[in-house]
Amino acid sequence: KEPTDKIQKAYYRRAAVNFTLAAHRNPTAEFFYHAATAYHRAGDRLEALQNYDYAIKLGGARPLLRKVFSDRAALEIEVGQPDEALRSLQYAGPSYQNALNRGLIEVGREHYELALEQYRLAQTLRPAAAAPVYGMAVVAARKKNEDAVGNFVKQAVALDRSYAQRAVEDLEIQDYAQGEVFREALR
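Residue numbers run consecutively from 1 along every chain, following the written order of its sequence. Under the rules for a predicted model, residues below a pLDDT of 70 receive no local features and side-chain atom pairs below 80 are neither given nor counted, while totals for whole chains, interfaces and linings still include all residues. Hydrogens and waters are ignored; side-chain quantities use all the structure's heavy atoms.

Here we come to the pattern of salt bridges. One side-chain nitrogen of Lys or Arg within 4 Å of one carboxyl oxygen of Asp or Glu is enough to make a salt bridge. Under the definition given, this model contains eight salt bridges. A salt bridge links Asp44 to Arg13; the shortest N-O distance between them is 2.7 Å. Separated by 31 residues along the polypeptide, Asp44 in the loop between helix H2 (29-42) and helix H3 (45-58) and Arg13 in helix H1 (residues 5-25) bring together distant segments of the chain. Accessible area is worked out with a 1.4 Å probe on protein chains only. A residue is then buried under 20% of its type maximum, exposed over 50%, and partly exposed in between. For Arg13, a relative accessible area of 36% translates into the label partly exposed. The partner of Lys143 in a salt bridge is Glu113, with the nearest N and O atoms 2.7 Å apart. Taken together, the positions of Lys143 in the loop between helix H8 (131-142) and helix H9 (146-159) and Glu113 in helix H7 (residues 112-125) put the pair 30 residues apart, joining distant regions of the chain. In this structure Glu113 comes out as partly exposed when scored by relative accessible area, which is 48%. Connected through salt bridges with shared partners, the residues Asp53, Arg72 and Glu76 form a single ionic network. Where helices and strands are cited, they refer to DSSP runs of H or I of at least four residues and of E of at least two residues respectively, numbered from the N terminus.

Here is the structure:
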């Protein structure tokens, strides 16, 4: 039987409490990182941020701290703190997800060339992933380039068919949904 979202969040919250108890008995960055991740998944963003901060203050191995900063940046994007997220990403190191997150922040700031740069980096890190290509389609839509929107959506759908539905429902691309280029891309 599949657990409902409510039950799943309760499990995450219980895990977060247990990790927090363990972290207070034996304060390590790793325990606080696990507590933060569990709180994040449970939807308790403030507790998650606080635990990410504890993990950072305790320090630790570079790979662990990179994960902490990366996940903290993702949470900061969720809560609408793009400047803080960019600061966190400076310490997170290069990765596919970090490039996508930087691209998302730059789209929000209307720095489209920087966003394209980040999406291209993500694409080189994972050539078979559709998300960076779809990000480029969003940038093209913001720049009012219908042909590029159609080409990028076509590439994204070729990589992952679920992006066809996403493109149809996406408000960023909605203005191009009736165009011939767009319909051709979804075939």
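Back to the write-up after that little detour.
This part covers the side chain of Arg72. Tracing the chain through its elements places Arg72 in helix H4 (residues 62-78). In what follows, a contact means two residues having at least one pair of non-hydrogen atoms within 4.5 Å. If near-sequence neighbours (up to four positions away) are discounted, Arg72 is found in contact with Leu49, Tyr52, Asp53, Ile56 and Ser88.

Turning to helix H10 (residues 162-169), a few remarks are in order. Here H10 has its buried residues at Tyr163, Ala164 and Ala167. Buried residues along H10 cover an arc of 110 degrees about the axis, so they all sit on one side. Picture the helix axis, draw a direction to every C-beta atom, and the arc is the one those directions span.

Once that is clear, we can look at the packing of aromatic side chains. Under the pairing criterion, centres of Phe, Tyr and Trp rings, with the six-membered ring standing for Trp, must be within 6.5 Å; the plane angle then separates stacked pairs below 30 degrees from edge-to-face pairs above 60, leaving the rest tilted. Per the stated rule, a full pass over the model turns up four aromatic pairs. A ring has a charge above it when a Lys NZ or an Arg CZ is no more than 6 Å from the ring centre and no more than 35 degrees off the ring normal. When the ring centre of Tyr163 is taken as origin, the NZ or CZ atom of Arg166, which lies over that ring, is 4.4 Å away.

Turning our attention to the environment of Lys67. By the secondary structure assignment, Lys67 is in helix H4. Expressed as a C-alpha distance, the spacing of Lys67 and Tyr33, which sit 34 residues apart in the sequence, is 8.7 Å.

Function cannot be read off these values alone, since they describe shape.
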